[in-house]
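So the chains spell out like this:
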Amino acid sequence: LIGLLGGSGLIFFALARMLSRNSVSVDDRLAQFTGGGAVDQPAPDFKMRVDAAVTKTERGSKIARDLARADLKLTAGEFVLLKVLGAIAVAVIAAWLSAQFLGAFSVPAAAGAMLFGGALGSFLPDLYVKFRARRRVAKFNDMLADTCAMLASSLRSGYSLLQSMDLVAREGKGPVASEFRRVVQEVGLGLSTEAALANLLRRVPSDDLDLMITAINIQHEVGGNLSQILDSIAHTIRERVRIKGEIRTLTAQGRISGYVITGLPIALAIFLTVINPGYMAPIFTFGMPPEAWCCLPLTSGVMIVIGYVAIMKIVDIEI
């Protein structure tokens, strides 16, 4: 166990050093453009090679898209290294907890705990990225109606569409401002407005945003009063947000029931283990019949997960 802890510490230190970027000072970069001398680029290290190998794969493209949705300033290679680091750290912690729970170090128990902990640790960064992306999309949707109204007002005052989006980038807040700023920058770098808006929809998968972008593209093709169209879309988005809030209020009891039913068996098992370890120990003790230490916890966990997923599917009403 001491060797595992020491090895994980060394791996953590090595990966932390690999994730540090090789930076060149501002003076050296300015000298490169003004003719004051060329800057020697650092040789590709392990992190750069991993990043280059990951970005070429389809999985790397999906990771980069998810990181962009979550607004995390990481490359796909750095995220993969963080997943490896999380798997090693959680595996070591799980092995230590298994030794503490069983009262003595057991190789089969430690191996099983490390496998379970490694799998859990590798999925934790993905869960965090998905949670952050969902929260960011929800915040974007809450501000999209006001954004459409701001675009319509600026168009009525004589601004072009690109100038209106630049106004949103300067006057807006949160993810709306940063995303529209990126759209304006992409158009300034040579992309068409349609392509920049398509990239925006790829970063922010929202039905309301898809409706707005579709209306803008159709107006570019056939013409029309875009400010009036955006006002109608803003009203539609506000009504959808209001109805979603009412449905969320009506289904709150079902969601809370799912949380209680899911958490109560786990909390009760932890409570009984703390106050009376001997009562729960036979379930997790190796050497007992399989139904005593394997089938019961595994079946209980699967049934808890199935019940939680079923309840969440029932209360998830789409509009």
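See the structure printed just above.
Treat the numbers as computed from the prediction; the structure is a model and nothing was measured. (Residues numbered from 1 in each chain as written. Predicted model: local features only at pLDDT ≥ 70, side-chain atom pairs only at ≥ 80, totals over all residues. Heavy atoms only, no water.)

**Student:** Describe helix H8 (residues 174-188), listing the residues and the values that go with them.
**Tutor:** For H8, with 15 residues, the first-to-last C-alpha span of 22 Å sits near the 21 Å given by 1.5 Å per residue. Within H8, burial applies to Pro-175, Val-176, Ala-177, Glu-179, Phe-180, Val-183, Val-184, Glu-186 and Val-187. Phi turns positive, to about 120°, at Gly-190, one or two residues after H8. (Helix = DSSP H or I, 4+ residues; strand = E, 2+ residues; numbered from the N terminus. Expected span 1.5 Å × (residues − 1). Buried < 20%, exposed > 50% of the residue type's maximum accessible area, 1.4 Å probe, protein only.)

**Student:** Pulling in residues and values, what's your account of the environment of His-220?
**Tutor:** Inspection of the secondary structure assignment puts His-220 in helix H10 (residues 207-222). For His-220 and Glu-194, which are 26 residues apart along the polypeptide, the C-alpha to C-alpha distance reads 9.3 Å. Once residues within four sequence positions are removed from consideration, His-220 is found in contact with Leu-161, Thr-193 and Glu-194. Within polar-contact distance, the side chain of His-220 engages the side chain of Glu-194 at 3.2 Å. (Contact = heavy atoms within 4.5 Å. Polar contact = N/O pair within 3.5 Å; in protein donor to acceptor, adjacent residues only side chain to side chain.)

**Student:** Can you explain the pattern of salt bridges? Please cite residues and give values.
**Tutor:** Counted by the stated rule, this structure contains 15 salt bridges. Across the pair Asp-71 and Lys-73 runs a salt bridge, and its minimum N-O distance is 2.8 Å. Close ionic contact of Glu-179 with Arg-203 constitutes a salt bridge, the shortest N to O distance being 2.7 Å. Remark: Arg-203 occurs in helix H9 (residues 193-203) and Glu-179 occurs in helix H8; sequence separation between them is 24 residues. In this pair, the class of Glu-179 matches that of Arg-203, namely buried. Within this structure, Asp-71, Lys-73, Arg-136, Glu-179, Arg-182, Glu-186 and Arg-203 form a network of salt bridges that share partners. (Salt bridge = Lys/Arg side-chain N within 4 Å of Asp/Glu carboxyl O.)

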